[in-house]
Structures are given as structure tokens and as C-alpha cells.
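# Descriptive structure summary
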Amino acid sequence: MPEKKVIAVVGATGAQGGGLVRAILADREGPFAARAITRKPDSEKARALASLGAEVVAGDADDPSSLDSAFAGAHGAYCVTNYWEHFSVEREVAQATAMARACRKAGVRHVVWSTLEDTRKWVPPDD
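Below, the structure is looked at part by part.

Analysis parameters
Residues numbered from 1 in each chain as written. Predicted model: local features only at pLDDT ≥ 70, side-chain atom pairs only at ≥ 80, totals over all residues. Heavy atoms only, no water. Helix = DSSP H or I, 4+ residues; strand = E, 2+ residues; numbered from the N terminus. Rg over C-alpha atoms; globule rule 2.2 N^0.38 Å. Buried < 20%, exposed > 50% of the residue type's maximum accessible area, 1.4 Å probe, protein only. Contact = heavy atoms within 4.5 Å. Areas by Shrake-Rupley, 256 points an atom, 1.4 Å probe, with all protein chains shown as cover. Lys, Arg positive; Asp, Glu negative; His and termini not counted. Charge placed at Lys NZ, Arg CZ, Asp CG, Glu CD. Axes fitted to C-alpha atoms, helices over the stretch in contact; angles between N-to-C directions. Parallel < 35°, antiparallel > 145°, perpendicular 65-115°, else oblique. Left-handed = near helix turned anticlockwise from the far one by under 90°. Nonpolar A, V, L, I, M, F, W, Y, C, P; charged D, E, K, R; others polar. Core = buried A, V, L, I, M, F, W, Y, C linked by side-chain atoms within 4.5 Å. Phe/Tyr/Trp six-rings, centres within 6.5 Å; stacked < 30°, edge-to-face > 60°. Expected span 1.5 Å × (residues − 1). Salt bridge = Lys/Arg side-chain N within 4 Å of Asp/Glu carboxyl O.

## Here's the deal with the overall build of the protein
Along the protein, the regular secondary structure elements total five helices and five strands. Taken from N to C terminus, the helices and strands of the protein fall in the order β-α-β-α-β-α-β-α-α-β. What you see for the protein is a C-alpha radius of gyration of 14 Å, in line with the 14 Å of a compact globule of 127 residues. Along the three orthogonal principal directions, the C-alpha set of the protein runs to about 45 × 30 × 25 Å. Going through the 127 residues of the protein one by one, you find that 40% of them count as buried. Of all intrachain contacts in the protein linking residues separated by at least 6 positions in sequence, the fraction that spans at least 24 positions is 63%. Of the accessible surface of the protein, which amounts to about 7,800 Å², a share of 52% is contributed by carbon and sulfur atoms. Averaging the coordinates of the 16 positive side-chain charges in the protein and doing the same for the 17 negative ones gives two points 3 Å apart.

Okay, structure coming up:
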């Protein structure tokens, strides 16, 4: 059986990221493996994902250097920013930029960024 392609999931202990990690893990015969990226890899939620079979790694969108190893070797990435945590468009853009640069550096082939409902007022679609 071919090696599974890694999908790196930022915010893996949150609602969106955690749901995606669990969905990937539930598809045991599928072609993907889940890498759960979290700021707190020793948290109860992170340990629960590990017990289900996820690879849990540390990574923080506010610490760009932590993202290089978190995305290394990943085929795809699901990147989530949490505007409601800090209410800062500038911080959300900086986090998204850090994740995009780390994905590019790691050669990630497919990336999804989940953000606010409509950010076009602050981030033009051509940016």
C-alpha cells in the first residue's frame, strides 16, 4: 500500500481543525494521514487526537519559525486563523502570511485558508 499523503491541519484542537483531523482519521482506507498542528501539543485535546492516530506537532501562526517543521513533508494544508481570538485584521493577515510562506517553503501542493466570512474589505482577492 502506498504511503499516505500528509494533510497538515492548523488549529487542530479547535472546532474546524479538529473536525477535519477526525474526518481524515475516520477514513482509515483513504489516501491521507493527519498532522495536527497546535500551539499546545501536550493539551488534553491534542493527546486525544494522538490517541486516534494523528501525528501531533507544535506550531504557532504567531511564530513563523515554528511553522517550517510543522509543514515539512506535507502534501496539503488546512490553515485556519481565529480573528475572534484577537480582533485584529493585521494579526490575522500576518498569521496567514506566515502560514502561506511556510507552506511554500515546504512545497505543500494544496492549501486551504479558513478565515472570516468575507475578508475582501481588508484583504483584496488578488493579494
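Continuing now.
## Considering the packing of helix α3 (residues 64-71) against helix α5 (residues 89-106)
For the pair α3 and α5, interaxial distance at closest approach is 9 Å and the crossing angle is 40°. In terms of their interaxial angle, α3 and α5 are classed as oblique. Where α3 crosses over α5, the two elements pack in a sense that is right-handed. Two secondary-structure elements touch here, α3 through Pro-64, Leu-67, Asp-68 and Phe-71 and α5 through Ala-98, Met-99, Ala-102, Cys-103, Lys-105 and Ala-106. Considering only residue class, the contact of α3 with α5 consists of eight nonpolar, no polar and two charged.

## Some words on the nonpolar core
Judged by nonpolar contacts, the single largest core of 17 residues is most densely connected at Ile-37, Phe-71 and Cys-79. Taken together, the elements giving at least two residues each to this core come down to β1 (5-10), α3, β4 (76-80) and α5. Per-element tally for this core: the top contributor is α5, with four residues. Judged by nonpolar contacts, the second largest core, of 12 residues, contains Ile-24, Leu-49, Tyr-78 and Val-80.

## A word on the packing of aromatic side chains
Counted under the stated rule, the structure contains one aromatic pair. Taking the centre distance of 5.7 Å and the plane angle of 75° together, the rings of Tyr-83 and Phe-87 count as edge-to-face. Classification of Phe-87 as exposed rests on a relative accessible area of 52%.

## Topic: α5
Across its 18 residues, α5 extends 26 Å between first and last C-alpha, which sits within 8% of the 26 Å expected from 1.5 Å per residue. Val-89, Glu-92, Gln-95, Ala-96, Ala-98, Met-99, Ala-102 and Cys-103 are the residues of α5 that are buried. Where α5 is buried, its residues contact β1, α3, β4, α4 (83-86) and β5 (110-114). Phi turns positive, to about 75°, at Gly-107, one or two residues after α5.

## Details of the pattern of salt bridges
Inspection of every chain in the model, using the stated rule, returns four salt bridges. Linking Arg-91 and Asp-62 is a salt bridge whose minimum nitrogen-to-oxygen distance equals 2.5 Å. Pair noted here: Arg-91 is in helix α5 and Asp-62 is in the loop between β3 (55-58) and α3, with a separation of 29 residues, a long-range link. On the accessibility criterion, Asp-62 (38% relative accessible area) is partly exposed.

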